[in-house]
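Residue-level structure breakdown
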Number of protein chains: 2
Amino acid sequence: MIWLSQPCHGENGYNLWLRYKPVNSTSLKTEYRSYLNQIYFPSESDRLKAALDELNLGLNGLIGIKPQLLVRAQGSSVIATSNKIGALKKWVPDSVLKKIGNDGFVIKTINQAGRNVLLVTANSDLGILYGTFYLLKLMQTGKTLSGLDVVEYPRTMVRVLDHWDNPNRTVERGYAGFSIWNWHKLPGYIDSRYIDYARANASVGINGSVLNNVNASIQMLTPAYLVKIKALADAFRPYGIRVYLSVKFDSPIELGGLKTADPLDPEVIKWWKIKTDEIYSYIPDFGGFLVKANSEGQPGPQTYGRSHADGANMLGNALAPHHGIVMWRAFVYDDKVPDDRAKQAYNEFKPLDGQFNANVIIQVKSGPIDFQPREAFHPLFGALPNTSVMLELQLTQEYLGFSTHLVYEAPLFKECMDADTYRQGKNSTVARILEGVYNPKLITGMAGVANIGTDVNWCGHPFAQANWYAFGRLAWNPQASAAAIADDWLRMTFSSEKVFIDPMKREMLQSRENTVNYMTPLGLHHIMGASGHYGPGPWTDNMGRADWTAVYYHKADTAGIGFDRTKSGSNALGQYSPEVQAYFGNLNTCPDEYLLWFHHLSWQYKMRSGKTLWEEMVHHYYAGADSVKKMQQTWNSLRPYVDQERFSEVQQLMAVQYEEAIRWRNSCVLYFQTFSRQPIPVGYDRPEHDLAYYRSLRYPNVPGQGVN
Amino acid sequence: MIWLSQPCHGENGYNLWLRYKPVNSTSLKTEYRSYLNQIYFPSESDRLKAALDELNLGLNGLIGIKPQLLVRAQGSSVIATSNKIGALKKWVPDSVLKKIGNDGFVIKTINQAGRNVLLVTANSDLGILYGTFYLLKLMQTGKTLSGLDVVEYPRTMVRVLDHWDNPNRTVERGYAGFSIWNWHKLPGYIDSRYIDYARANASVGINGSVLNNVNASIQMLTPAYLVKIKALADAFRPYGIRVYLSVKFDSPIELGGLKTADPLDPEVIKWWKIKTDEIYSYIPDFGGFLVKANSEGQPGPQTYGRSHADGANMLGNALAPHHGIVMWRAFVYDDKVPDDRAKQAYNEFKPLDGQFNANVIIQVKSGPIDFQPREAFHPLFGALPNTSVMLELQLTQEYLGFSTHLVYEAPLFKECMDADTYRQGKNSTVARILEGVYNPKLITGMAGVANIGTDVNWCGHPFAQANWYAFGRLAWNPQASAAAIADDWLRMTFSSEKVFIDPMKREMLQSRENTVNYMTPLGLHHIMGASGHYGPGPWTDNMGRADWTAVYYHKADTAGIGFDRTKSGSNALGQYSPEVQAYFGNLNTCPDEYLLWFHHLSWQYKMRSGKTLWEEMVHHYYAGADSVKKMQQTWNSLRPYVDQERFSEVQQLMAVQYEEAIRWRNSCVLYFQTFSRQPIPVGYDRPEHDLAYYRSLRYPNVPGQGVN
């Protein structure tokens, strides 16, 4: 359950960013001890015990002490809720306590009569847990505790990981092994991994886990599984993690034996109410339901001629007495091939604004297609002023090279969050909408599709851990910077040496753009291999339906390439505010990065660089692959600062990434060349093989295709 | 790749029996250092480097030193092949060097002019690796190095783990997660787990791995997979592990596009020859093929009117130029329901004795049914004097409670090995047949169906590691005792404290009999749940064919119970030697343990104990479940000697085991009571539920049912 701070067999990555390695600086060590040798830290509840355990674990590793626990606040350091901090209360005005709410905390240090005193306080035990992790982070990252005046509180309410895990332990789009939920051994066996999972989440403020795949199995709602889910909920509770379940809309039929799942049918309403009450009888603080309805073959209210609001509100009514919520996904498409799939969510949800219950929140992906390396931000952000909306991000690298490519995703996430919707005037960014700035009555939240599996290092790639970490940090505060998060993560996960941090932080911050360059530059999207989404598949043209193919999205022909989403095309752009329409619609202002997302252009189109579109595209593909080679050189130069095991892991993975980047580059350049009919400009290496070769490659058993 | 000796996060079990914890005894520490402070250990080859790395790792953990490496043998300790030991050669007569063969080793210590000198020598680098592990074991188990005169060599040649792993990473009958072979990331990414797997195997003398399921996928023979298999072979080679593949007999059709897989067809012969040559072009020391043919729906030579010998020899001919072997499984049954499935292997293979090529070895399970908690030994042992025969054991607990039951399997394995076949006179035990005592020209070997998966602790249950360990030790020396092996394993894996070792060794040695008692006492067999083999299913009567049901095997009716395999019944007993027939056939000599395996008896049959058969059966079921409770008490009393993490894991697992033992007991007693029509004798608890309840229990997603 609780790990010691020493690494084992080199460093296998299991400890994530909670390694608690000894502090090198003697002066910092002395300073930390002066604040923490003695402390008043009451711990009556399981949650406070978890916080104290973590503090002891961390201090043992960082500075080799176990603090002496005092029986009352007596002029020494204090970690306690605000009703127990005695005289130190004068340090924390009521206005601050009000501001931090239930989950926030305050950390202050002063020197009192020559004595260093630390205060961590909060309105709740959960705030104390979060404050304790924050305090440990300061020490892990080598910050002084002197003169601290920290006021921290989360900007969103629901901060959840979505696990696309099936009861048979396969993980849809999982690239780090299999599901960490060992259903067969539950409820009797609580794997210590569950506790460490909860600790890691709590350390970054994540407060919920949706345990199962959005393509949901009805088994999860059976008593045999509810007792197992209860066991997980009990294990997570001290760390402030509530469990949620994905549910299948047709459950009343498949599980309940009813003839319909029509959300307005009284029997259906009753079935869900009884089932929901049953769940709460096992798990009193159950979080609620996540629903994928009328999308990719899943049943939903439209199956019965009802709206998304009818469906979501029916479930919301069942959950409301227990204070549970419904997270209803906006990733929808019906069984008709659309002129532009990018328009579907907006078309279906915009008319429903204001019709959803107070405990229903619409979960919207960052972009309107599907977690691509780059997409324009989703037009629903800002378009539903009277509806709770949360952002769904994908941590698992379905479209970003699985777990062999180093891609730090915070810049991708931030690109969406920092986008200005102009829906409430200038600077009404997605981030501000997510924070509920414009309608404080709404629920706010962020969901990350987890990249966690049974691999010893949790995420498959040592650097993929950074995406789990960054998600938590950004859900807590969407204004946080990708660079600052990378800095903290690198210090905690690898080393605080500046000569290591500086170059690796640069590589991390650049890594997503590198991947865009060798996969989908200039606004290209969804040209990955069919079904498994592994490697390049720009030639994919023969799937079940047109909008599952690559050619639907790139629309390359001898005249040009790109998806015209302006008025002359699908006019998906019309779903945005006028300012955004003007910005993306005008070729003079539309950034190169979004060019082919919104415009179909001639191969001869003259880019800002002076190159033709064809030349520019080739340049991006080659620059992307080259950047991986450069990243390899950076990593190789950092060998002295990394333990042997992880150094070798990353080195091997980068070699795989480079090989795959070259395959992406060659496949796409050769394929698009059949339309551009232009040579590869001089100065670029010829592809090693011809297009037929790349098209012939097959990859059986691509991971991440698990099904129930 | 190489782990440090410190535990991390408590002890998660990843380090197996190679923990190298500090030696507590000061005198032993001093002694060990005196032998190992300086050493001549030439290490030109990868295999010797692996041995030296292991020595350094072990000594760093055990006694905190890194030995000084000398440039020549100069009166100090030496670890080197016999051609490099200089003057120490006089310690090792040629006769001993001849005796130890290629894989054996010698360890000697003397005190020379007041100086402690150690010699580890061998005829090969592999012998040095094995000797190094043995030396480390002596220190791990707290033995003195003074006066050592060890001569060790393996008694069997082929010591392999059979992995029933599929290319999609499911593991048939796997209960420790999923396949550790991450095919998608191979060949580019060598998981450090592969190296640690090879180390663990080498430490107990295992020298081969069959990488894939006997229900084999043809994908493994494609170039895309061969390059991955080569990468594993390269990783394993320093540790003396050769890779083998399970192959599907119809591969020439499915992969080669031929019209037939007839082993006498010239095109088929040619196809296998070319494919085999291709494999060796990747892996020059490839071990060979394992084949499941004409069994459970798999194709085989009989499909084409040919014999097992025709099929095996054809493959043998393809492998012979490369010195590879064929392991041909005797676990066969055709598509007709037999009068007694126990007779099939003998009936099919006995007539073929002497017809198999020199590089073909028949792989025979311990008993004639299928890895049951107890079976009579397989009648083929000793019945094929002119055929190479190896023993197939199942480490994974398909029929022994999966990975939640503590079952130390060495007593089960030994029961088979120690059985006297009388085929070459008294004391011609299975062990001696396996060792090739009666025909030195034959290949010898043992296979263990692996219990290894992606679980951090490799085997799911901390004590299941003991079965992997014991298999290696017994393959090396079938005469080794289950108790001595348990002793070594406990010391290395947990603690050398006598107060811990004594009671836990007793529990381990008793654990298999306990499980027999609550599952299948008195010779009952194959009454597990249908398909998944989870939990009790004595009522199973409606499968695809009779010999897949439980009622076929227990034959209970109101008159009695048991499978009559004497002359009055199936006469399977007639397949054994006359002495064995007499022993098992006569109710006066047949042990209670085998009673219902060989005899159908009345419920009123009077047992040696004075009880009726019904009373005796009830007694066994209750005693079995009670013994788990006793084991829990033992474990709870040992808390001071075990790290917190593994203590808690085992404690939880034992609670699950107890619950399942009770369920076994209640299910079987209530079910068989419907035939015996006798009350449960006084003094035994009434089952909590009725039979209908136990029959109604369903377990979806039982692990271990992975398919290609």
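Residues numbered from 1 in each chain as written. Chains lettered and ligands numbered in written order. Predicted model: local features only at pLDDT ≥ 70, side-chain atom pairs only at ≥ 80, totals over all residues. Heavy atoms only, no water.

The name given to chain A in an unreviewed UniProt entry is Xylan alpha-1,2-glucuronidase, and the organism recorded there is Mucilaginibacter paludis DSM 18603. Quoted straight from UniProt, the Catalytic activity (unreviewed entry) entry for chain A says "Hydrolysis of (1->2)-alpha-D-(4-O-methyl)glucuronosyl links in the main chain of hardwood xylans." Under the heading Sequence similarities (unreviewed entry), UniProt records this for chain A: "Belongs to the glycosyl hydrolase 67 family." (UniProt positions renumbered as here; feature names shortened; annotations may be inferred.)

1. Focus on the overall build of chain A
Within chain A, the secondary structure is distributed over 21 helices and 16 strands. Taking 2.2 N^0.38 as the reference for a compact globule, 708 residues should give roughly 27 Å; the C-alpha atoms of chain A span a radius of gyration of 26 Å, in line with that estimate. Its C-alpha atoms give chain A principal-axis dimensions of roughly 80 × 65 × 50 Å. Scored against the burial criterion, the 708 residues of chain A give a buried share of 67%. For chain A, the proportion of contacts with a sequence separation of at least 24, taken over those separated by at least 6, is 73%. Surface exposure of chain A reaches about 23,500 Å², of which carbon and sulfur atoms provide 51%. When the 70 positive and 67 negative side-chain charges of chain A are each reduced to one mean point, those points stand 5 Å apart. (Helix = DSSP H or I, 4+ residues; strand = E, 2+ residues; numbered from the N terminus. Rg over C-alpha atoms; globule rule 2.2 N^0.38 Å. Buried < 20%, exposed > 50% of the residue type's maximum accessible area, 1.4 Å probe, protein only. Contact = heavy atoms within 4.5 Å. Areas by Shrake-Rupley, 256 points an atom, 1.4 Å probe, with all protein chains shown as cover. Lys, Arg positive; Asp, Glu negative; His and termini not counted. Charge placed at Lys NZ, Arg CZ, Asp CG, Glu CD.)

2. Structural notes on the packing of helix α2 (residues 46–63) of chain B against helix α4 (residues 125–140) of chain B
The description of two packed helices rests on the angle between their axes and on the distance between the axes. All names here are of chain B. Running from amino to carboxyl end, α2 crosses α4 at an angle of 10°, the nearest separation of the two axes being 8 Å. One element, α2, and the other, α4, form an angle in the roughly parallel class. Note on element contacts: α4 touches α2 through Asp125, Leu126, Ile128, Leu129, Thr132, Phe133, Leu135, Leu136, Met139 and Gln140, opposite Arg47, Leu48, Ala50, Ala51, Glu54, Leu55, Gly58, Leu59 and Leu62. (Axes fitted to C-alpha atoms, helices over the stretch in contact; angles between N-to-C directions. Parallel < 35°, antiparallel > 145°, perpendicular 65-115°, else oblique.)

3. A look at the UniProt feature "domain: Glycosyl hydrolase family 67 C-terminal" (unreviewed entry) in chain A
With numbering aligned to this structure, UniProt lists the feature "domain: Glycosyl hydrolase family 67 C-terminal" (unreviewed entry) at residues 459–683 of chain A. Between the first and last C-alpha atoms of residues 459–683 of chain A the distance is 38 Å; the span itself is 53% helix and 2% strand.

4. Structural notes on the domain arrangement of chain A
Residue and element names in this part refer to chain A. As assigned here, chain A comprises domain 1 (26–152), domain 2 (158–483) and domain 3 (516–563 + 600–696). One C-alpha centre belongs to domain 1, the other to domain 2; they are set 33 Å apart. The partner domain 2 presents 14 residues to the 13 residues of domain 1 that form the contact. For the pairing of domain 1 and domain 2, the buried interface totals around 1,100 Å² over both sides, and the portion due to carbon and sulfur atoms is 54%. Counting the surface domain 1 buries against domain 2, the share from its top three residues, Arg47, Tyr130 and Phe133, is 42%. Our count for the contact surface shared by domain 1 and domain 2 stands at six residue pairs in polar contact (both at pLDDT 80 or more). Mapped onto the side of domain 1 that touches domain 2, the elements with two or more residues apiece are α2 (46–63) and α4 (125–140). (Domains from an automatic or database assignment. Buried area = accessible area lost by both parts, 1.4 Å probe. Polar contact = N/O pair within 3.5 Å; in protein donor to acceptor, adjacent residues only side chain to side chain.)

5. Focus on the sheet that holds strand β13 (residues 388–394) of chain A
Residue and element names in this part refer to chain A. Taken in spatial order, the eight strands line up as β7-β8-β9-β10-β11-β12-β13-β14 and close into a barrel, and their pairing is parallel. Strand-to-strand, the axes of this sheet are offset by a mean angle of 25°, without reference to chain direction. When β13 meets strand β14 (residues 445–449), the two strands line up parallel, connected through five bridges. Bridging from a neighbouring strand, Gln394 pairs with Val449 of β14. (Pairing = 2+ DSSP bridges.)

6. With respect to the side chain of Thr81 of chain A
Residues and elements named next belong to chain A. In this structure, Thr81 sits in strand β3 (residues 77–81). Polar side-chain contacts of Thr81 include one of 2.6 Å to the side chain of Asn83. Residues contacting Thr81, with those up to four places away along its chain left out, are Thr121, Ala122, Asn123, Ser124, Asp125 and Ile128.

7. Concerning the pattern of salt bridges
All names here are of chain A. Taken as a whole and judged by the stated rule, the model has 74 salt bridges over all chains. A salt bridge links Lys84 to Glu44, with the shortest nitrogen-to-oxygen separation between them at 2.9 Å. Taken as a pair, Lys84 in the loop between β3 and α3 (94–100) and Glu44 in the loop between β1 (38–40) and α2 lie far apart in primary sequence, 40 residues in all. Salt-bridge contacts for Glu415 lead to Arg512; the nearest nitrogen and oxygen are separated by 2.9 Å. A residue pair is termed long-range when its members are at least 10 positions apart, and Glu415 in helix α11 (residues 410–417) and Arg512 in helix α15 (residues 498–519) qualify at 97 residues. Residue Glu415 is classed as partly exposed on the basis of its relative accessible area, which comes to 26%. (Salt bridge = Lys/Arg side-chain N within 4 Å of Asp/Glu carboxyl O.)

8. Digging into the pairing of strand β7 (residues 158–162) of chain B
Residues and elements named next belong to chain B. For β7, a buried count of five out of five residues is recorded, marking the element as mostly surrounded by other parts of the structure. Residue alternation in β7 divides its side chains into two sets, Val158, Val160 and Asp162 and Arg159 and Leu161, and both sets are buried. Where β7 meets strand β14 (residues 444–449), five bridges bridge the pair, whose relative direction is parallel. Looking at the pairing, Leu161 lines up with Gly448 of β14. After leaving β7, the chain enters helix α5 (residues 192–203) and then returns to the sheet as strand β8 (residues 208–210), a path that is right-handed. (Right-handed = clockwise from strand over helix to strand, strands pointing away.)

9. Quick look at the confidence of the model for chain A
Detailed reading of the predicted model is not advised wherever pLDDT is low. Here chain A shows a mean pLDDT of 96. Residues at 70 or above account for 98%. Confidence estimates for the predicted assembly give a pTM of 0.96 and an ipTM of 0.95. (pLDDT = per-residue confidence, 0-100.)

10. Quick look at the pairing of strand β3 (residues 77–81) of chain B
Residues and elements named next belong to chain B. With five of five residues buried, β3 is to be regarded as a mostly interior element. Judged from the two bridges that link them, strand β1 (residues 38–40) and β3 form a sheet pairing that is parallel. Residue pairing across strands places Ile39 opposite Ser77, the latter belonging to β3. Where β3 lies against strand β5 (residues 115–122), four bridges are found, and the strand directions are parallel. Within β5, the residue paired with Val78 across the bridge is Leu119.

11. Quick look at the sheet that holds β14 of chain B
Residues and elements named next belong to chain B. Read around the barrel, eight strands follow the order β7-β8-β9-β10-β11-β12-β13-β14 and close on themselves; strand pairing throughout is parallel. Taken pair by pair, the neighbouring strands of this sheet meet at an average axis angle of 25°, ignoring direction. Where β7 meets β8, three bridges bridge the pair, whose relative direction is parallel. When the sheet's bridge partners are listed, Leu161 is paired in β8 with Ser209. Against the sheet, helix α11 (residues 410–417) makes contact with β13 (388–394) and β14, and its axis sits at roughly 155° relative to β13, the strand it touches most.

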